[in-house]
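# Observations on the model geometry
Here's the letter readout for the chains.
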Amino acid sequence: MNITIPDPTDAIQTLWQPFTPIKTAEDYIESLRGRNMTVYYLGEKIDEPVDHPVIWPSINALAETYRLAIDNPEIATATSPLTGQPINRFLHVPEGPQDLVLKAEMQRELGRRTGTCFQRCVGMDALGSLHSVTYDMDQECGTDYHQRFLAFLGQVQKRNLVIAGAMTDPKGDRSKAPHEQSDPDLFLHVTRRTKTGMYVTGAKMHLTGCINSHWVIFMPTVRLSENDKDYAVVGAIPADAPGLTYIYGRQSCDTRILDGGDIDAGNPHYSGQEAMMIFDDVFVPFEHVFMDGEYTYAASLVERFTSYHRASYVCKTGLGDVLVGAAATAADYNGVEGASHIRDKLVEMTYLNETIYASAKASAYQANELPSGAWINDAMLANICKHNVTRFPYEIARLAQDIAGGLLVTMPSEKDLDNEETGGLIRKFLMGRDGIDSVDRMKILRLIENMTIGRNAVGYLTESLHGAGSPQAQRILIARLAEIDNKKKLAQRLANVGQ
Ligand code: SF4
Ligand code: FE
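These lines cover the structure that appears in this document, whether it is placed above or below.

Calculation notes
- Residues numbered from 1 in each chain as written.
- Chains lettered and ligands numbered in written order.
- Predicted model: local features only at pLDDT ≥ 70, side-chain atom pairs only at ≥ 80, totals over all residues.
- Heavy atoms only, no water.
- Near = heavy atom within 4 Å.
- Nonpolar A, V, L, I, M, F, W, Y, C, P; charged D, E, K, R; others polar.
- Domains from an automatic or database assignment.
- Core = buried A, V, L, I, M, F, W, Y, C linked by side-chain atoms within 4.5 Å.
- Buried < 20%, exposed > 50% of the residue type's maximum accessible area, 1.4 Å probe, protein only.
- Contact = heavy atoms within 4.5 Å.
- Pairing = 2+ DSSP bridges.
- Helix = DSSP H or I, 4+ residues; strand = E, 2+ residues; numbered from the N terminus.
- Axes fitted to C-alpha atoms, helices over the stretch in contact; angles between N-to-C directions.
- Parallel < 35°, antiparallel > 145°, perpendicular 65-115°, else oblique.
- Left-handed = near helix turned anticlockwise from the far one by under 90°.
- Donors = N, O, S within 2.8 Å, 3.2 Å for Na, K, Ca; no water.
- 1 Å grid on protein atoms, 1.4 Å probe; cavity = no way out; pocket = protein on both sides within 12 Å on 5 of 7 lines; lining within 4 Å.
- Points joined across faces, edges and corners; volume = space filled by probe spheres on them.

## Brief notes about the site of ligand 1
Neighbouring residues of ligand 1: Cys117, Phe118, Gln119, Cys121, Thr208, His309, Ser312, Tyr313, Cys315, Lys316 and Glu463. Per-class residue counts for the shell around ligand 1 are 5 nonpolar, 4 polar and 2 charged. Here the shell around ligand 1 gathers at least three residues from each of two domains, domain 1 (13-302) and domain 2 (309-482).

Here's what the structure looks like:
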């Protein structure tokens with residue numbers, strides 16, 4: 001299907017003007033410069049996020065999605081049914097199980113390359129879910145959201161842009177609906193509508209990669225009732241739209257990079273990014289509004305998004321590969337790689353990691369088609385994947401620390417290594433087996449520290465627990481899809497009871 005993407009209307013033309021097509025990682029990094037964003041980190045307003053040493057590794061991790069598209073187009077690109085042109089897979093709406101299988105392979109590979117969160121999947125999964133939900137709304141409500149969405153998607157694909165997905169509201173009192181909160185801003189909502197668009201106010205939390213994105217799609221995070229109509233809104237805004245403020249998330253050991261050197265940071269070139277995003281009367285032209293008051297569709301949007309996104313957590317298997325490799329290297333440097341208990345621990349780590357991968361891939365192969373023509377991961381298996389991710393990385397991390405030994409947390413700093421009094425002592429006494437440089441040994445231990453208690457433990461552990469829904473959210477879905485009554489009948493028939 002090749003359809004013509006309409007040019008943006010005069011009203012929104014200016015919004016698209018700053019975005020010239022991006023081909024390379026370097027183009028992408030340049031495209032982030034010079035924007036008028038309000039970003040705070042450690043109590044200070046940041047002039048240019050691209051040049052900030054703590055923010056830079058997160059930009060570099062996202063840039064890897066552009067590098068992979070050039071290095072391995074087989075898994076990291078697709079053909080757009082809108083334009084007939086090759087596009088980055090992060091902007092592709094899945095057209096069959098094979099697309100979802102390749103998506104999982106791409107995410108694992110990017111996890112291997114970066115050892116952290118590369119931040120581009122929330123936007124991808126928002127595009128996937130909106131394709132079908134806007135279609136359903138138009139069929140049933142006579143709206144024209146799907147055409148608006150396709151026009152937006154076409155522009156984004158032509159320019160190869162990064163989309164962030166803003167879903168999680170602050171939520172305030174969790175026992176209350178959005179309209180029952182004492183402060184209405186605890187869920188993002190419409191404050192007023194004009195002839196040309198609407199204004200939204202509120203905040204979104206835990207926004208992965210938002211400062212590194214070009215556009216942000218905001219969506220509801222819970223099922224909504226008629227009284228919550230003003231909260232049932234979906235729209236797309238440039239990441240530097242007037243009225244937006246970002247407050248960068250503090251991460252464990254994030255300022256180690258400021259100490260100079262590249263040992264203590266563990267993984268100095270790559271990191272994730274999470275921030276709070278505050279919306280103060282942000283204008284959204286109707287061309288970029290994809291839901292406005294259709295509250296009954298909030299639940300299907302959230303459910304479809306989670307089916308895609310819980311399978312996206314296959315990304316953590318790429319990080320698991322790095323951690324298995326780091327633990328094996330640490331054992332090798334210690335001269336014990338061949339010890340049977342070490343080999344067994346590496347087998348256990350691999351088994352856990354591949355179990356996550358198996359559930360993600362199964363959810364892709366068992367995908368279902370939606371009325372819009374988009375394909376979506378099997379909901380049960382996607383939830384099993386994410387539920388595995390809430391547990392197995394913790395055990396993999398424990399085993400990596402077990403193999404690494406206590407030096408992981410008692411080792412002197414790079415500055416002590418550089419000190420002429422202590423440097424020689426450290427080199428002498430941190431030696432492993434013959435032929436191994438003590439500094440290499442320190443570097444591999446710092447990487448394990450980085451992934452299990454340092455900056456990228458944010459992505460490998462706590463995000464694995466809470467990202468795309470905390471464990472209980474998956475258990476609710478698993479309970480709903482478990483078909484216990486049918487299973488009871490199977491047992492009762494064989495036992496010849498209760499029929
Ligand atoms: Fe992608 Fe994984 Fe980061 Fe989520 S946690 S954005 S799925 S890399
Ligand atoms: Fe996430």
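## Here we look at the nonpolar core
Membership of the largest hydrophobic core comes to 89 residues, with the highest contact counts inside it found for Tyr28, Val200, Phe218, Ile237 and Tyr246. Of the domains in this structure, domain 1 (13-302) and domain 2 (309-482) are the two that each give at least three residues to this core. What Tyr28 contacts, discounting residues up to four positions off in sequence, is Ile22, Ile59, Leu62, Ala63, Tyr66, Val162, Asn212 and His214. Residues Leu407, Leu430, Ile436 and Val439 belong to the second largest nonpolar core, which totals 48 residues.

## Describing the sheet that holds strand 8 (residues 215-218)
Strand order in this open sheet of 4 strands is 5-8-9-12, and the pairing throughout is mixed. Bordering the open sheet on either side are strand 5 (163-166) and strand 12 (289-292), each of which pairs with just one other strand. Sheet twist, expressed as the average angle between the axes of neighbouring strands with direction ignored, equals 20°. Here strand 8 runs beside strand 9 (residues 233-238); their pairing, made up of 4 bridges, is antiparallel. Counted as the bridge partner of Phe218 is Gly235 from strand 9. In the packing of helix 7 (residues 145-159) onto the sheet, contacts are made with strand 5, strand 8, strand 9 and strand 12, and the angle to strand 12 comes to roughly 150°.

## Here's the deal with the sheet that holds strand 11 (residues 274-285)
Taken in spatial order, the 6 strands line up as 2-1-10-11-7-6 in an open sheet, and their pairing is mixed. Strand pairing shows two members of the sheet lacking a second neighbour, strand 2 (44-45) and strand 6 (189-193), which therefore form its edges. Of the pairings in the sheet, the one linking strand 7 (residues 197-208) to strand 11 comprises 9 bridges and is antiparallel in character. Bridge assignment links Val200 to a residue of strand 11, and that residue is Val282.

## Quick look at the packing of helix 9 (residues 315-334) against helix 12 (residues 392-404)
Viewed as axis vectors pointing N to C, helix 9 and helix 12 meet at an angle of 15°, and their least axial separation amounts to 9 Å. Considering the angle they form, helix 9 stands roughly parallel to helix 12. As helix 9 packs across helix 12, the resulting crossing turns out to be left-handed. Two secondary-structure elements touch here, helix 9 through Leu323, Ala327, Ala331 and Asn334 and helix 12 through Ile396, Ala397, Ala400, Ile403 and Ala404. Grouping the amino acids of the contact of helix 9 with helix 12 by side-chain chemistry returns 8 nonpolar, 1 polar and no charged.

## Thoughts on the coordination of the iron ion (ligand 2)
Protein coordination of the iron ion (ligand 2) is provided by Tyr313 (OH) and Glu463 (OE), with donor distances spanning 2.3 to 2.5 Å. Note that Tyr313 is positioned in the loop between helix 8 (296-312) and helix 9 and Glu463 in helix 17 (residues 457-466), a separation of 150 residues in sequence. When its relative accessible area of 5% is taken as the criterion, Tyr313 is described as buried. Among the residues examined, Glu463 registers a relative accessible area of 12% and is labelled buried.

## Structural notes on the layout of surface pockets
Reported here for the second largest pocket is a volume of approximately 330 Å³. Looking at the second largest pocket, it is lined by 15 residues, and the ones nearest its centre are Ile22, Pro86, Ile87, Gln157 and Asn160. Only helix 3 (56-71), strand 4 (86-88) and helix 7 provide two or more residues apiece to the lining of the second largest pocket. Considered class by class, the residues forming the lining of the second largest pocket number 7 nonpolar, 6 polar and 2 charged.

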